[in-house]
Amino acid sequence: RVGKIAKLLQDSDSNIADVGSAVPEGDIEAGKKSTRSKRKKKKSCLPDTTSNQTPLQKNLQRLGVKIGIFAILVCLLVFIIGVAINVQDLDNPDSPSWLYMILIAVTLAVAAIPEGIPLCVTISLSTGCSDMVKKNVLVRRIAAVETLGCASVICTDKTGTLTEGKMTMVKMWASGQDFEITGKGFNPTEGNITFSESGNDAAAAPGVLSTLASAVLCCNTRVEEETDENDGTTKWVPYGNSSEAPIIVAAGKVGLWTKEMGPDMPRVFEVPFSSSRKMMLCVTETKNAQGSKALAQQKLAPFFEGGKSPNFLANVKGAPNFILKDCDSWTTPEGKVVPLTEEDKANVLAKVDELSSQALRVLAVAARPINEMPFDPNDKDIDMSTDQKFISLVKQPGLVLLGLVASIDPERDGVPQAVLDAKAGHIRVVMITGDYLPTAKAIAHNVNILLPGDDESACALDCGNLRPNGEYLSNVEIDLLTKTVKVFARAQPEDKLEIVKSLQRQNKVSAMTGDGVNDAPALKKADIGVAMGIQGTEVAKGASDMILTDDNFCSIVTAVEKGRIIYSGIQKFVAFILSVHFAEVLQIFLCIVAQIPIMRTPLQILFLILVTDLPPSVALGMERVVRNILHDRPRPKEQPIVLWWQWQGIIANGLILSATTIAVYIWALSFYVDDYTVDSILARVRAESPDCTGDNCFTPNGTTTIESLSYARTSAFISLVWSENVRAYTSRSFTEPIWVDMFSNTAMQKAIFFAQIALYCAVFIPGLSDQILRLYGKEIGWEGWVAAILGALGTVTLCELYKFVCKEQVRRAEAKVAEDLRLAEEERERHAEERQRSMAASRTKEPDSAEPAAVPVDVKST
C-alpha cells in the first residue's frame, strides 16, 4: 500500500507522478498539484538501445560497402579500358570516346549498385509484420523481425503462456486431512468438497471452512455471473488475479461468499504479494457490531476456541516453504490449535511435494489472531517500511498453518507439439516459473520441455541455487547451470535478467517472455523481448520487441518460423538482384573488351533496373511458406547475409544469364547486322547514307546499320527480361526444382505479370519504344522472338542444373556450421572448467596467503 502522493518521494520538489504512471499493485491516493511543472531528464533502469543496430542492419551495411567498392572499381576499369581502345558511340560517331565512356561508366555504376535492396528489405519486413499480426504477434520494432530467425533459446513463463491461465482447485489439505474438490470452470454453484478417503461431504469440516475463509479474506478477486446479450446464456467470469480465482470458486461451494464476508469482516491493512516475499497478507477486523464476531466464530473457529476473542485476524497466503518458516502452530481435525514441530513441517512439505508432482500449484494458507495492531494502519506518515509492518504482524507469536490449496492449470492446446517443433528446429525451450520445483517439473513433462530420458537433476533447478547466500554465483558457475537447465523454479524477476546475461555470454540468441513491471529489464536485455498482450503491464510491453496478443506460447514458435521465412526471403532476393546486376554489368564489360557493339543503351539499362528487375525482387521477399524451414538450425547472429556458397551461386547464375544473353545478341548481330566488330560497323555507319533503303544499305534486311543494330539489341533485351523472369522463379529455392510450389507466391505472379506488361509497352508503344528506348518489337520479326525464347529456356535449364551443385554446397555448409558450433562449445567448456578449477583452488587457500589469485578467463570473449 502506498500513501498519498507526498509520500512517493521524500524530496518535496520531486513529488510529481507523470500522466500514465503505472501502479502495478496495492493502492494509491493522488491529487493534481500543478500543471506547470518543470520536466526534468529522468534516469531509467532500462538500458538505452535505440542506437543499436540489428544483425541484419549490420550485414546490409557491410554488404553495401563491399558492393560500393566493387561498383567503383568496375566503373573505373570500364572507363579506362573503353578510353584506351577508343570505344565510340555508334549512334553518335562524332562524339568523343571519353564522353561516351563516362556515360556508360555512370550507367554501370547505377547497374552495379542494387539500390532496390533497402526497399525490398523494408517491404519484406513490413509485410512479414502484417502477417504476424494475423498470427497474434504484434511486432513493435520492424527491424527486430529478422532476429527471430536467429533465436536458439526461448525462455518462457508458465502461467497463461504454456498453460491456459484458468486454474481450478481440485485438492485441499487441511488439519492433516485430504479433500477432493469437484466441479468445472469458474462456477461456484457446481461441485462440492469431499473427504478423499470416505468420499463424504466435507463442507462443514472445520479445516475446510477455516482454510477457505482465511484465504477468501486474503483475496482481491471476485467471480460474477454474467449473461451473454447475444444468446442469453449465463456464465461465471473471474475478475482479478488468476491464482485467487480458484480459491473464490471453491469457497463458494461451501457457502463462503466474498460479498458477504467482506462487509462483515472489513479489511484494515494489506501487504500485496511480491516476487521476493512470496506471500500476501491482509488484516481483517472482527470486533465491529455488524455480526462479524459471530461470523468469525463460525467460519474461523480455531481462533475463538476456549473463549478467545481476538479483535483482528492477519490472513496470509503464498508459497508453502516461505509461509512454513513463519508458522509455529497448526490446527487439528477437531479445530484445535497445537504446536507445529519440525517433524510436522517435514510432513507438510512432503505433502506439498506430493501435490506438486501432480502438476498442481500449491498455496499455503495461514492466519494469526491479533488483539491490538502494532501500528496505526490509518497513519500514512508512520516511520515503518512495508517489510517491518509485515514482520510485526506475522512474528511473535508466529502464524497458525490452516491448510494447503492445490489448483491445476491445464496446458494450452497445441503447446506440447509447438515445443517439439521448436526442438526439431534446434531451439531449446526453457521454462521460468515461480512455482514449486516439483510442480514445475510435472508441468514441464506435460508440455514436452522435459522428456522421459532427461536427467531432472541437471535439467530442473530451483533458482535459489543461483543465489545460495543471497548473492549470485560467478558468471562461470551460472553459465554451467544455464547450459543444461530447462526448468527454473521459484524464479524472481531479477533471475530472468541473470539467465539472459548467461545465455548471451554463451553466444545464444534468446527470446524472453514477461508480463510484469519487474520483467522489463530482462525483456530489454534479451535479444527478443516478448511481452504478454492480455496479462502484460504497459511497462513490460514498452520494454519488449514484440507482444503476444493471445499470450500463447504457440505464437512464439509461429513467429520464429515466420522470422526465418522472412530472412530466407531477404537472402533470396539479395542473391537474385545481385546475380542479375552482376550479369548486366558483365555483359556490358564483355562487349567493351571484345570490341563488339554495346548491347544496351544507358536508358535501356535504367529501364531494366527500375522496371523489370525490381518487382520480382520484392516478390521474393514476400514468400509466405518455406517447406521445413523450422527444421533448419538457427543461423549464428553474426552470420553474413550472403554466405560463401551463395556468392558462388550469384556468380554462377550471373555467368549463365550473361552467356545466354550474349549468345542471343551474337546471333542477332549476325542475323540483322551481318557484322560483329565495332570498327567495321562504325565504318559502315559513316559510309552509309542516313536514309538508305533496300540494296543501298549494307545490312541483309535492307535497313540502316543503326536500325539493324537496334533490332539486335531488342532481341537481346527481350531475351534478358525473360531470362531474369524465369531466374526469379528459380530463385525461390536454392535447392528445390522450379516446379515445387511454383505458383504458391501470388506476389510473384503479379510481379512477373507487371514485368511482362512493362516489356511489351517498351517494345511496342510508339514514341516510348522507337524514340526513347529504341526498341523494335514488331520489326525484329518472329526470328528475334524465337531467339529470345531460346535464350530464356537456356537460362532456366542451366540454372536448374546448377542447383545440383548448390545442394551439395548447402550440405557441406550446414555440416561445417554444426562442426564449428561443436568446437566452439567444447572451447567454452574447456575455459569454464579451467575457471572452475581456478576458483576452487583459490577458495582452499589461506586468507592471509600472499600468493596472487588466478587470472580470470574472459568467458565472453572466448
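Residues numbered from 1 in each chain as written. Predicted model: local features only at pLDDT ≥ 70, side-chain atom pairs only at ≥ 80, totals over all residues. Heavy atoms only, no water.

**Brief notes about the overall build of the protein chain**
Logical step 1: For the protein chain, the helix and strand inventory stands at 25 helices and 20 strands.
Logical step 2: In the protein chain, which comprises 862 residues, the share counted as buried stands at 52%.
Logical step 3: For the protein chain, the share of sequence-separated contacts (at least 6 apart) that also reach a separation of at least 24 residues comes to 73%.
Logical step 4: Within the structure as shown, the protein chain displays about 39,200 Å² of accessible surface, and the carbon and sulfur contribution to it stands at 56%. (Helix = DSSP H or I, 4+ residues; strand = E, 2+ residues; numbered from the N terminus. Buried < 20%, exposed > 50% of the residue type's maximum accessible area, 1.4 Å probe, protein only. Contact = heavy atoms within 4.5 Å. Areas by Shrake-Rupley, 256 points an atom, 1.4 Å probe, with all protein chains shown as cover.)

**Quick notes on the side chain of K389**
Logical step 1: By secondary structure assignment, the location of K389 is in helix 10 (residues 386-394).
Logical step 2: Within the buried set, K389 has no salt-bridge partner at all; the shortest N-O distance to an opposite charge, 8.1 Å, is to D379.
Logical step 3: Beyond its immediate stretch of four places on either side in the chain, K389 contacts F269, F375, I382 and M384. (Lys, Arg positive; Asp, Glu negative; His and termini not counted. Salt bridge = Lys/Arg side-chain N within 4 Å of Asp/Glu carboxyl O.)

**Digging into the packing of helix 4 (residues 206-217) against helix 5 (residues 245-253)**
Logical step 1: At a closest axis distance of 9 Å, the pairing of helix 4 and helix 5 adopts a crossing angle of 135 degrees. Classified by the angle their axes make, helix 4 and helix 5 are oblique. The two elements helix 4 and helix 5 meet at a crossing, and its hand is left-handed. Together, L212, A215 and V216 of helix 4 and I247, I248, A250 and A251 of helix 5 make up the contact between the two elements.
Logical step 2: Partitioning the contact of helix 4 with helix 5 into residue classes produces seven nonpolar, no polar and no charged. (Axes fitted to C-alpha atoms, helices over the stretch in contact; angles between N-to-C directions. Parallel < 35°, antiparallel > 145°, perpendicular 65-115°, else oblique. Left-handed = near helix turned anticlockwise from the far one by under 90°. Nonpolar A, V, L, I, M, F, W, Y, C, P; charged D, E, K, R; others polar.)

**Points about the packing of helix 20 (residues 644-673) against helix 22 (residues 705-730)**
Logical step 1: Interhelical geometry of helix 20 versus helix 22 gives an angle of 155 degrees and a closest axis separation of 8 Å. Between helix 20 and helix 22, the interaxial angle falls into the category roughly antiparallel. Relative to helix 22, helix 20 is oriented so that their crossing is right-handed.
Logical step 2: Broken down by class, the residue content of the contact of helix 20 with helix 22 amounts to twelve nonpolar, eight polar and three charged.

**Focus on the pairing of strand 2 (residues 153-156)**
Logical step 1: With burial as the criterion, each face of strand 2 is covered, one bearing V153 and C155 and the other bearing I154 and T156.
Logical step 2: Across four bridges, strand 2 lies against strand 15 (residues 428-432) in parallel orientation. Considered in strand 15, the bridge of C155 is made with V430.
Logical step 3: With three bridges connecting them, strand 2 and strand 18 (residues 510-514) associate as parallel partners. (Pairing = 2+ DSSP bridges.)

**Observations concerning the sheet that holds strand 1 (residues 137-139)**
Logical step 1: Taken in spatial order, the eight strands make up an open sheet running 1-20-19-18-2-15-17-16, and their pairing is mixed. Two strands close off the open sheet at either side, each with one partner strand: strand 1 and strand 16 (460-462). Neighbour-to-neighbour, the strand axes of this sheet turn through a mean angle of 20 degrees, independent of strand direction.
Logical step 2: Contacts from helix 15 (residues 493-505) reach strand 2, strand 15, strand 17 (487-489) and strand 18 within the one sheet, and its direction differs from that of strand 18 by about 170 degrees.

**Looking at unusual backbone geometry**
Logical step 1: A positive phi angle is found at N448, which is not glycine, with a value near 70 degrees.
Logical step 2: If you trace the backbone, N448 turns up in the loop between helix 12 (437-446) and helix 13 (456-459).
Logical step 3: At R490, a residue that is not glycine, the phi angle is positive and equals roughly 55 degrees.
Logical step 4: Inspection of the secondary structure puts R490 in the loop between strand 17 and helix 15.

**Remarks on the confidence of the model for the protein chain**
Regions with low pLDDT carry predicted coordinates that are not meant to be interpreted in detail.
Logical step 1: Looking at the protein chain, pLDDT values average 79 and 85% of them are 70 or higher.
Logical step 2: Here residues 1-14 scores under 50 on pLDDT; set against residues more than four positions off or in separate chains, the count is 25 contacts.
Logical step 3: When the criterion is pLDDT under 50, residues 47-51 qualifies, and its contacts beyond four places in sequence or with other chains add up to two contacts. (pLDDT = per-residue confidence, 0-100.)

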